[in-house]
Amino acid sequence: MITRCYLEITNICNLNCLFCPKTEREKRSLTPQEFDTLTGRLQGKIKFLYFHLMGEPLLHRHLPQFIAKARQKGFIPVITTNGTLLQHAGAVIDAQPHKVQISLHSHEGNSRKDPSEYIATVMKFALEAASRGIIIVLRLWNEGGYNKENSHILDLVSQHAPRPWKERYDGWKIAENIYLEHDSMFEWPDSEREEYSGGEAFCYALRNQIGVLVDGTVVPCCLDHAGCIALGNLFNQPLEDILSSPRARAMHDGFSRHEAVEPLCRRCGYATVTKRFRK
């Protein structure tokens, strides 16, 4: 079983983050029928279903319905959001996702000035959701990038979840079921970038994660936002056939040898530079 699938229920977003590569793909959102088809083909083969790759999932009017349907099919549903629409997300809490990840770094990444109202909205949602057993992860994944507001944001968060916080390897536990993570800002892989030279490469793509774009295209990981490594289409192919295709097997076997066989992977800092995906 693959641990996680990043299912893009929409590739439409309400923000324009400076660190985001965006997408030039046709803007669209899954219909309930399409969601049912794709999850039916993933059922029994995926553990965690992440409703994100590109796009803001809270823009999708059927998100609560999708969460409930995912649970019925045996998935563990996880939401990743920029947090700007949480004031309208009561139905999301009622649908009981396993976890909601909120990218606090999106605020400064859009050159917004005062995060006070934004953090107040985020924390009101977080505290309510956490009280009902939903895990909340607040992310500041912007070290080395757009991070001048971080200290202020932490102070604002502490007004709702008072310090001291319990320190963890990646941040803090700030309240029951609420965690705050910090990490460095990463560069998305880009087919136009020079290849990284030297050293081995490794990635868990096709081992414990895959991505499915909103048009059904299966990609090896959550960073292939443009569908450069299109392995097949889940609307008309079984997942087993896609993962056993020559291209998928060559990529999987290449990483077993600590070699990036795909051009995009040779331009990905996660696989070739950082130690984040080292085996």
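In this numbering scheme, every chain counts its residues from 1 along its sequence in written order. Per-residue local features are limited, in this predicted model, to residues with pLDDT of at least 70; the limit for side-chain atom pairs, both in listing and counting, is 80 or more; totals at the level of whole chains, interfaces and linings are taken over all residues. Side-chain figures throughout are based on the complete set of non-hydrogen atoms in the structure, without hydrogens or water.

Draft legend 1. Examining the nonpolar core more closely. Ranked by size, the top nonpolar core spans 84 residues in total, and within it Phe51, Ile102, Ile136 and Leu138 carry the most contacts. Helix and strand definitions here come from DSSP, where helices need a minimum of 4 consecutive H or I residues and strands a minimum of 2 consecutive E residues; each element is numbered from the N-terminal end. Tallying contributions element by element places helix H4 (residues 116-131) first for this core, with eight residues. Dropping the residues within four chain positions of it, Phe51 is found in contact with Leu7, Ile9, Phe35, Pro57, Leu63, Phe66, Ile67, Ala70, Pro77, Val78 and Ile79. The criterion is simple. A nonpolar core is a set of buried Ala, Val, Leu, Ile, Met, Phe, Trp, Tyr and Cys residues joined through side-chain atoms within 4.5 Å. For every residue, the accessible area obtained with a 1.4 Å probe (protein chains only) is divided by the maximum for its type, and the residue is called buried under 20%, exposed over 50%, and partly exposed between those limits. Residue contacts are defined here by distance: any two heavy atoms, one from each residue, within 4.5 Å place the two residues in contact.

Draft legend 2. Focus on the packing of aromatic side chains. Aromatic pairing here means that ring centres of Phe, Tyr or Trp (its six-membered ring) are within 6.5 Å. Orientation follows from the plane angle: under 30 degrees is stacked, over 60 is edge-to-face, and everything else is tilted. Counted according to the given criterion, the structure contains six aromatic pairs. Ring centres 4.8 Å apart and planes at 35 degrees place the aromatic pair Tyr6 and Tyr50 in the tilted group. Highlighted residues: Tyr6 in strand E1 (residues 2-7) and Tyr50 in strand E2 (residues 46-50), separated in sequence by 44 residues. With 4.0 Å between their ring centres and 5 degrees between their planes, Phe35 and Phe66 make a pair best called stacked. Highlighted residues: Phe35 in helix H1 (residues 32-42) and Phe66 in helix H2 (residues 63-72), separated in sequence by 31 residues. As far as the burial class goes, Phe35 and Phe66 line up, both buried. Among the aromatic residues, those joined into a ring-pair cluster are Phe35, Phe51 and Phe66. Seen from the ring of Trp141, Arg139 lies directly overhead, with NZ or CZ sitting 3.9 Å from the centre. Whether a charge sits over a ring comes down to the Lys NZ or Arg CZ being within 6 Å of the ring centre and within 35 degrees of the ring normal.

Draft legend 3. Structural context of the state of the cysteines. Criterion for a disulfide: a pair of cysteine sulfur atoms within 2.5 Å. Throughout the structure, instances matching the rule amount to zero disulfides. In this model Cys13 remains outside any disulfide bridge; the closest cysteine sulfur is found in Cys17, 6.1 Å from its own. Overall, Cys13 belongs to the partly exposed group, its relative accessible area being 39%.

Draft legend 4. Quick peek at the pattern of salt bridges. Criterion for a salt bridge: a side-chain nitrogen of Lys or Arg within 4 Å of a carboxyl oxygen of Asp or Glu. Using the criterion set out here, one finds 14 salt bridges in the structure. Lys73 is the salt-bridge partner of Asp36, the closest N and O atoms lying 2.8 Å from each other. In this pair, Asp36 sits in helix H1 while Lys73 sits in the loop between H2 and strand E3 (76-81), placing the two residues 37 residues apart along the sequence. We note a salt bridge from Glu262 to Arg247, for which the minimum N-O separation is 2.8 Å. Placement of Glu262 in the loop between helix H7 (246-256) and helix H8 (269-272) and of Arg247 in helix H7 is noted, with a sequence separation of 15 residues between them. Each of Asp94, Glu128 and Arg132 takes part in one network of salt bridges that share partners.

Draft legend 5. Quick look at the packing of H4 against helix H5 (residues 150-158). A fitted line through C-alpha atoms represents every axis, and for helices the fit uses only the stretch in contact; the resulting angles, taken between N-to-C directions, go from 0 to 180 degrees. Running from N to C, H4 and H5 point in directions that differ by 45 degrees, and their axes come no closer than 10 Å. Relative to H5, H4 is oriented oblique. As H4 runs across H5, the sense of the crossing is right-handed. From H4, Ser116, Ile119 and Met123 reach across to H5, where they touch His152, Ile153, Leu156 and Val157. As a working rule, the residues Ala, Val, Leu, Ile, Met, Phe, Trp, Tyr, Cys and Pro are called nonpolar, Asp, Glu, Lys and Arg charged, and the rest polar, with Gly in that last group. Here the residues of the contact of H4 with H5 sort into five nonpolar, two polar and no charged. For classification, angles of less than 35 degrees are called roughly parallel, those exceeding 145 degrees roughly antiparallel, those between 65 and 115 degrees roughly perpendicular, and all remaining angles oblique. Two helices that cross are described as forming a left-handed crossing if the nearer one is turned anticlockwise from the farther one by less than a right angle, and a right-handed crossing if clockwise.

Note that every value here comes from positions in space, so none of it alone points to a role or purpose.
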